[in-house]
Amino acid sequence: MPSITNIAEDIDAVVDAGGEQQLQVPESLPVLPLRDIVIYPFMIVPLFVSREKSIRAVDEALGENRMIFLVSQRDLDKEEPAGEDLYTTGTVAVIMRMLKLPDGRIRILVQGLTRALVEAVEDEGYLKARLGVIQEQPAPERSLEVEALVRNVRASMEKATNLGKNISPEVMAIVASLDDAGRMADLAASNLELKVEDAQSVLDIADTTARLRRVNELLNKEIEVLTVQQEINTQARADIDRSQREFFLRQQLKAIQTELGEGNELAEEIAQFREKIESCLMPKHAEEEALRQLKKLERMHPDAAETATLRNWLEIMTELPWSKASADNLDLAKAEQILNEDHYGLEKVKERILEALAVRKLKEKPKGSILCLVGPPGVGKTSLGRSIARALDRRFVRLSLGGLHDEAEIRGHRRTYVGAMPGRVVQALQQAGTNNPLIMLDEIDKVGGDFRGDPSSALLEVLDPEQNNSFRDNYLGITFDLSNVMFMTTANVLDTIQPALRDRMEVIHLAGYTEEEKLEIARRHLMPKQLEENGIATKNLHISKKALAAVILQYTQEAGLRQLEREIGTICRKVARRIAEGRTEIVRVTPLNLYEFLGAPKMFPDEILKKDQIGVATGLAWTAVGGDVLFIEALRVKGKGTLVLTGQLGEVMRESAQAAFSYAKSRAVELGIPEDDFEKYDLHIHIPEGAIPKDGPSAGITLATAMVSSLAQRAVRKDVAMTGEITLRGNVLPVGGVKEKVLAARRARVTKIILPQLNRRDMDEIPKELFGEIKFIFVDNVREVFREALKDKERPAGSAAPRQSRLPQAAAPSR
């Protein structure tokens, strides 16, 4: 808060000897809102004015009687305050000087005259207030309380100055000679650097005695703060002096101990390191390097920077499990039981794990392959790794590689860098405490690379059984045998994994679950887990099978189980609230009352088309989160034979559409398409949900079916879905993701699926219960697809039906 200077002369200029104000205050004055300051009567302060409205207010005051109303605003951050943003009490002041600055601001020197109360505020391009002057109530003459308060204020200001408060000697001289209690209160408040709220509280008090009492309270509070501050400074100086004294004493003690040959702390630490190195049973090369660095540490000064680096290196070296291994559980029956307890289904993965365990039982140290579990999110890849570790009685460590860009995260930093540390693989071994844990490298498909290196290349050595027996970490500087470690990786897609890295792993695909599998997993695993997490006993909640099936169909649409678990958790939380409120009766959840717990259904299955339509074919697609159904639309419009493709199609899908179009052109007569139609009409192909990018060759036969349907005006059967790549000769080539596509078709209630003949081998992966619901048709040529998917062309009523001709038999694809 600015201090009052030369106030004694200014008091006489404004107030006469009798204390009566000589200046008459108008009823209305321009308003200058103040930020972070409160100005009292008789206070002279320089102010910088930059806001446009404030500048106009100053100009208006200078043009009238040089008087302006100064009032603080409540919100300091408000740029354009209105009447309600200002305090109600302010100070009428006179502008003594004004100076315009080059940057557009103005600098004014103001002197407070008297307190005033805001009655109304108007906006005339600047704020203008109607005022009521506050008549100060003088203190009673010769009042003992006032005299005591005045003396206390003088003494407190002197004490504050002695404690370090920055109050000028001129102000202290005025305080010593000032007899007016009201001015004494204002003068003291203006020099205390108060918060705006506290300073305003002093300005609001018209009664002199009450105002002096309030200032005395604020002064006492300030003295308490200054006292504590001085104690803190004194303590800090004492601590510094003590630390320096202890340093010199320790140096003297070291010198004495050196002379006597006693108590060297570094020597004791070196002895402990040597004992740990001997007990770790390191390989010969590692032990030699550790002892060499230990001798180097002996010759170092204890306070040298290199000493701390060597200490850290030796600590990590002695904590690594060089020879400590856990015993594998070689009981195949017990391992199979554990795997079945933790996971339902996933027979292929379990079989592969048991095979690896059987090999280890027959051969002590086999070179096994690295397993890579690939599948949509939420199908249990990471939890399966934890279950495998439990079945093998091994420690489990998970390393998340998502978003990893720095090669040093795998290989470690060289010790020359400040803050260097070993790579994540070595840290995982240190965390596991054994040299044969199961390390799960999660999200390996999301590893990146930039100017700091490519972590995928560093993983080549880690995941190669032929090389990882001599893995070299940059921080350790020596090799470590990783051949005992069982590595597993997880990914959502294989496309982003470096080919050389993918070649080192045995890929096991985990497709999405069927509705029956989800229902069984929910009953066996998800329900008990959520009941335990929400503190609910089984006697308090019962969810029927039909209700769980309804949750799966109407509230989730995923290949995995995460959303299903969240929905079950929602039901459990609502039941937990009922129990907490004292309603302990059993809650039975059925399809009829499911709405009360989860609200309206969130998902609706992709239903098949309502009727057979011309130019609309049902295709099957694979995505990273499971299979999906897509409808391909074809429309014949007048034009010049152009093929138009929309729906954000990728380059491969565009080429498939062009191949299908060329095939239709070459077989126009055979397919019942007038040849001149390709010159008279354009063909527009569109795949809905245009915001989603689509690519891949597996929609080839679906595109061809939609095209031929539109050109030949033959309707596509509504209950048929298909997938397969097409060639220019009409051959149908195999595609991937068959299981995911079949599950998507089942969700859409499709009853017939057309697949390439070479995909018959993938039927082993299809759940057996689907064969009773869906008919699978395998084809070699696209003409077989047309025969199964297209209906005969409808004839006008009353016309004679021509002699029926069948499409020629499909030729076997040439290979």
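Our structure is the block above this text.
Bear in mind the structure is a predicted one, so any value in this text is a computation, not a measurement.

The rules behind these values
- Residues numbered from 1 in each chain as written.
- Predicted model: local features only at pLDDT ≥ 70, side-chain atom pairs only at ≥ 80, totals over all residues.
- Heavy atoms only, no water.
- Helix = DSSP H or I, 4+ residues; strand = E, 2+ residues; numbered from the N terminus.
- Rg over C-alpha atoms; globule rule 2.2 N^0.38 Å.
- Buried < 20%, exposed > 50% of the residue type's maximum accessible area, 1.4 Å probe, protein only.
- Contact = heavy atoms within 4.5 Å.
- Areas by Shrake-Rupley, 256 points an atom, 1.4 Å probe, with all protein chains shown as cover.
- Lys, Arg positive; Asp, Glu negative; His and termini not counted.
- Charge placed at Lys NZ, Arg CZ, Asp CG, Glu CD.
- Pairing = 2+ DSSP bridges.
- Core = buried A, V, L, I, M, F, W, Y, C linked by side-chain atoms within 4.5 Å.
- Axes fitted to C-alpha atoms, helices over the stretch in contact; angles between N-to-C directions.
- Patch = residues over 30% accessible without salt bridge, like charges linked within 9 Å, V, L, I, M, F, W, Y side chains within 5 Å.
- Salt bridge = Lys/Arg side-chain N within 4 Å of Asp/Glu carboxyl O.
- Expected span 1.5 Å × (residues − 1).
- Arc of directions from axis to C-beta.
- Parallel < 35°, antiparallel > 145°, perpendicular 65-115°, else oblique.
- Left-handed = near helix turned anticlockwise from the far one by under 90°.
- Nonpolar A, V, L, I, M, F, W, Y, C, P; charged D, E, K, R; others polar.
- Phe/Tyr/Trp six-rings, centres within 6.5 Å; stacked < 30°, edge-to-face > 60°.
- Lys NZ or Arg CZ within 6 Å of the ring centre and 35° of its normal.

Draft legend 1. Examining the overall build of the chain more closely. Per the secondary structure count, the chain includes 26 helices and 26 strands. For the chain, whose C-alpha radius of gyration is 43 Å, the value lies well above the compact-globule estimate of 28 Å for 815 residues. Dimensions of the chain, computed from the C-alpha atoms along their principal axes, are close to 130 × 100 × 65 Å. Buried positions account for 47% of the 815 residues belonging to the chain. In the chain, the proportion of contacts linking residues at least 24 apart, taken out of those at least 6 apart, comes to 74%. Accessible surface for the chain amounts to roughly 42,000 Å². Of this, 49% is attributable to carbon and sulfur atoms. With 111 positive and 124 negative side-chain charges, the chain shows a separation of 9 Å between the mean positions of the two kinds.

Draft legend 2. Structural view of the pairing of strand β17 (residues 616-623). Counted residue by residue, β17 has six buried out of eight residues, so it is predominantly covered. Pairing of β17 with strand β18 (residues 626-638) involves eight bridges; the strand directions are antiparallel. Each bridged residue has a counterpart across the sheet, and for alanine 617 the counterpart in β18 is isoleucine 632. Strand direction decides the pairing type here: β17 and strand β22 (residues 720-722), joined by two bridges, are parallel. From the neighbouring strand, threonine 618 faces β22, where its bridge partner is alanine 721.

Draft legend 3. Structural detail: the nonpolar core. Judged by nonpolar contacts, the single largest core of 63 residues is most densely connected at Ile39, Leu47, Leu70, Ile108 and Leu212. In terms of residue count, the dominant contributor to this core is helix α5 (residues 181-190) (six residues). Beyond its immediate chain neighbours, meaning those up to four positions away, leucine 47 contacts Leu32, Leu34, Ile37, Ile39, Leu70, Ile106, Arg107, Ile108 and Val110. Membership of the second largest hydrophobic core comes to 53 residues, among which are Ile270, Leu297, Leu429 and Leu459.

Draft legend 4. Representation of the sheet that holds strand β8 (residues 396-400). In space, the five strands of this open sheet follow the order β8-β9-β12-β7-β13, with parallel pairing throughout. Here the strands that pair on one side only, and so sit at the sheet edges, are β8 and β13 (505-509). In this sheet, adjacent strand axes meet at a mean angle of 25° when their direction is disregarded. Here strand β7 (residues 370-374) runs beside strand β12 (residues 486-491); their pairing, made up of four bridges, is parallel. By the bridge assignment, cysteine 372 is partnered in β12 with threonine 489.

Draft legend 5. The sheet that holds β22, seen in detail. One open sheet holds the seven strands; their spatial order is β19-β20-β18-β17-β22-β25-β26, and the pairing between them is mixed. With one partner strand each, in any of the chains shown, β19 (643-646) and β26 (775-779) form the two edges of the open sheet. Direction aside, the axes of adjacent strands within the sheet are offset by 30° on average. In the packing of helix α24 (residues 700-712) onto the sheet, the strands contacted are β17, β18, β19, β20 (681-686), β22 and β25 (752-756), and the crossing angle to β18 comes to about 30°.

Draft legend 6. Spatial organisation of a negative patch on the surface. A cluster of acidic side chains, namely Glu336, Glu347, Glu351 and Glu355, defines a negative patch on the protein surface. For the negative patch, the element with the highest residue contribution is helix α12 (residues 347-362), accounting for three residues. Considering the arrangement of structural elements, one finds glutamate 351 in helix α12.

Draft legend 7. Layout of unusual backbone geometry. The phi angle at aspartate 36 is positive, at roughly 65°, despite the residue not being glycine. Inspection of the secondary structure puts aspartate 36 in the loop between β1 (28-34) and β2 (44-49). Unusually for a residue other than glycine, phenylalanine 42 sits at a positive phi of about 70°. As for its position among the elements, phenylalanine 42 is in the loop between β1 and β2.

Draft legend 8. Region of the structure containing the pattern of salt bridges. Going through the model one piece at a time under the given rule, you end up with 35 salt bridges. Here glutamate 341 makes a salt bridge to arginine 390, at a shortest N to O gap of 3.6 Å. Here glutamate 341, found in helix α11 (residues 332-342), pairs with arginine 390, found in helix α13 (residues 381-392); they are 49 residues apart in sequence, far enough to count as distant. Residues joined by salt bridges that share partners form a network here, namely Arg115, Asp186 and Arg211.

Draft legend 9. Layout of helix α2 (residues 52-63). Helix length check: α2 (12 residues) gives 17 Å between terminal C-alpha atoms against 16 Å at 1.5 Å per residue, within 8%. For α2, every residue scored as buried is listed here: Ser54, Ile55, Ala57, Val58 and Ala61. Seen from one end, α2 has its buried residues packed into an arc of 160°, which puts them on one side. Those residues of α2 that are exposed and angled more than 90 degrees off the buried face are Glu52 and Gly63.

Draft legend 10. The arrangement of the packing of helix α18 (residues 515-533) against helix α20 (residues 562-580) in detail. Closest axis-to-axis distance for the α18/α20 pair is 10 Å, and the angle between their directions is 45°. By the angle between their directions, the pair α18 and α20 is classed as oblique. Here α18 and α20 pass one another in a crossing that is right-handed. Counting all contacts with α18, which are made through Lys518, Ala522, Leu526, Met527, Lys529, Gln530 and Leu531, the residues of α20 involved are Leu564, Glu565, Ile568, Gly569 and Cys572. Here the residues of the contact of α18 with α20 are counted per class, giving seven nonpolar, two polar and three charged.

Draft legend 11. Representation of the packing of aromatic side chains within the structure. In total, this model carries three aromatic pairs according to the counting rule given. Judged by centre distance (5.4 Å) and plane angle (55°), the rings of phenylalanine 771 and phenylalanine 776 are tilted. Relative accessible area serves as the criterion here: at 14%, phenylalanine 776 is assigned to the buried category. Sitting over the ring of phenylalanine 42, arginine 183 keeps its end group 4.4 Å from the ring centre. In this arrangement the basic side chain of arginine 636 is found over the ring face of tyrosine 681, its NZ or CZ atom lying 4.3 Å from the centre.

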